[in-house]
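# Structure assessment
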Amino acid sequence: MELNGIERFRAETGAALGRLPSLKQRHPEVEAILDFYGQVLERQLGMVQEGRPDARPVAEIPWREHVRSLRAFLELCSGAPAAELAAGSRRMLETDDEGLERLVQSFLRDKQAPPVERFALMGFLGGALVIPASFAGYDRHQWLKPVCPVCGFPPVVSYLADEEDIEGGRFARCGVCHSDWYYGRASCLSCGTTNDHELHYYMSEGVPSPLTIQACSACGGYIKMVDARQGSRTPELEDVATMTLDLWIQEKGFHKISPNLFGF
Ligand SMILES: [Zn+2]
Ligand SMILES: [Zn+2]
């Protein structure tokens, strides 16, 4: 049975929080990042619990009504272990409500922001958009575009899963609102090429989830493909925990289609 967006976010975030201790042991190089990620996930879960159903499209959400919750998220970031994020978040907290509302709107419109702002806004929206996204009513099997059907961002990671109608289908995951949509696994999730000669695959024998990087020499973009059939169903966490793979593939000259919350 397919869970709706809110239930799926709760289940997946709960599973991610449960997996953090073992991932920290396995990936000590990202221990501090995973620790802080855990705090972010807890805050996002809290926002979903406190949130009210909102069936408006993302472009029509009155962000002024959510400024208090953005400030609470910035408070969390101002205690982050990364000094730059902590200082930048404190500066953002000095912005008035109207200014913060404009920051959210321009991030959603431009799909980019300087690193500290990007972290704060993406982390905040990661909680604030879960409920609106679950009301968005798109057909996740028919959307077939390389950008999120709800907020328009390119995907941050992808995963393989068996569903009723599709076995071993590849799904793209939005790193901003966590929406999922089907996208053929032999196509680039950035430029859409299906040319075999341009798509390269690098496997990593991850435990418990095998992971493949799909890199495209037509556009230079790459994305990870987590096999959710053989292990964890927490693709966003998997992506963060395997940062060393990003460094490795970026050395080869590829860029991530959409960097994750932590900017890699
Ligand atoms: Zn989205
Ligand atoms: Zn491409």
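Residues numbered from 1 in each chain as written. Chains lettered and ligands numbered in written order. Predicted model: local features only at pLDDT ≥ 70, side-chain atom pairs only at ≥ 80, totals over all residues. Heavy atoms only, no water.

Now for the coordination of the zinc ion (ligand 1). Surrounding the zinc ion (ligand 1) are the protein donor atoms Cys 148 (SG), Cys 151 (SG), Cys 174 (SG) and Cys 177 (SG), at 2.3 Å. According to the relative accessible area criterion, Cys 174 is buried, its value standing at 0%. We classify Cys 177 as buried; its relative accessible area is 3%. (Donors = N, O, S within 2.8 Å, 3.2 Å for Na, K, Ca; no water. Buried < 20%, exposed > 50% of the residue type's maximum accessible area, 1.4 Å probe, protein only.)

What follows deals with the packing of helix α2 (residues 31-50) against helix α3 (residues 67-77). Running from amino to carboxyl end, α2 crosses α3 at an angle of 165°, the nearest separation of the two axes being 11 Å. Here α2 lies roughly antiparallel to α3, going by the angle between them. Taken as a pair, α2 and α3 cross one another with a handedness that is right-handed. On α3, the residues touching Phe 36, Gln 39, Val 40, Arg 43 and Met 47 of α2 are Ser 69, Ala 72, Phe 73, Leu 76 and Cys 77. (Axes fitted to C-alpha atoms, helices over the stretch in contact; angles between N-to-C directions. Helix = DSSP H or I, 4+ residues; strand = E, 2+ residues; numbered from the N terminus. Parallel < 35°, antiparallel > 145°, perpendicular 65-115°, else oblique. Left-handed = near helix turned anticlockwise from the far one by under 90°. Contact = heavy atoms within 4.5 Å.)

What follows covers the pattern of salt bridges. For the coordinates displayed, the defined rule picks out 20 salt bridges. Between Asp 180 and Arg 8 there is a salt bridge, with its nearest N and O atoms 2.6 Å apart. Taken together, the residues Asp 180 in strand β3 (residues 180-182) and Arg 8 in helix α1 (residues 5-26) connect sequence positions 172 residues apart. By relative accessible area, which is 0% here, Asp 180 ends up buried. Residue Arg 140 is joined to Glu 163 by a salt bridge in which the shortest nitrogen-to-oxygen separation is 2.8 Å. Here Arg 140, found in the loop between α7 (130-134) and β1 (155-161), pairs with Glu 163, found in the loop between β1 and β2 (169-174); they are 23 residues apart in sequence, far enough to count as distant. Given a relative accessible area of 14%, Arg 140 falls into the buried group. (Salt bridge = Lys/Arg side-chain N within 4 Å of Asp/Glu carboxyl O.)

Before going further, it helps to spend a moment on helix α5 (residues 97-110). Taking 1.5 Å per residue, 14 residues should reach 20 Å; α5 reaches 20 Å between its end C-alpha atoms and fits that length. Along α5, the positions that sit buried rather than exposed are Gly 99, Leu 100, Glu 101, Leu 103, Val 104, Ser 106, Phe 107 and Leu 108. As for α5, its buried residues are in contact with α3, α4 (83-93) and α6 (115-128). Phi for Lys 111, located one or two positions after α5, is positive at around 65°. (Expected span 1.5 Å × (residues − 1).)

Moving on: the packing of α1 against α2. Taken N-terminus to C-terminus, the directions of α1 and α2 make an angle of 155°; their axes are 10 Å apart at the nearest point. The pairing of α1 with α2 is recorded here as roughly antiparallel in orientation. As for the relative orientation of α1 and α2, their crossing is left-handed in sense. Side by side, α1 and α2 meet where Ile 6, Phe 9, Arg 10, Thr 13, Ala 16, Leu 17, Leu 20, Leu 23 and Lys 24 of the first sit next to Glu 31, Leu 34, Asp 35, Gly 38, Leu 41, Glu 42, Gln 44, Leu 45, Val 48 and Gln 49 of the second. Looking at the contact of α1 with α2 residue by residue, the classes come out as 10 nonpolar, four polar and five charged. (Nonpolar A, V, L, I, M, F, W, Y, C, P; charged D, E, K, R; others polar.)

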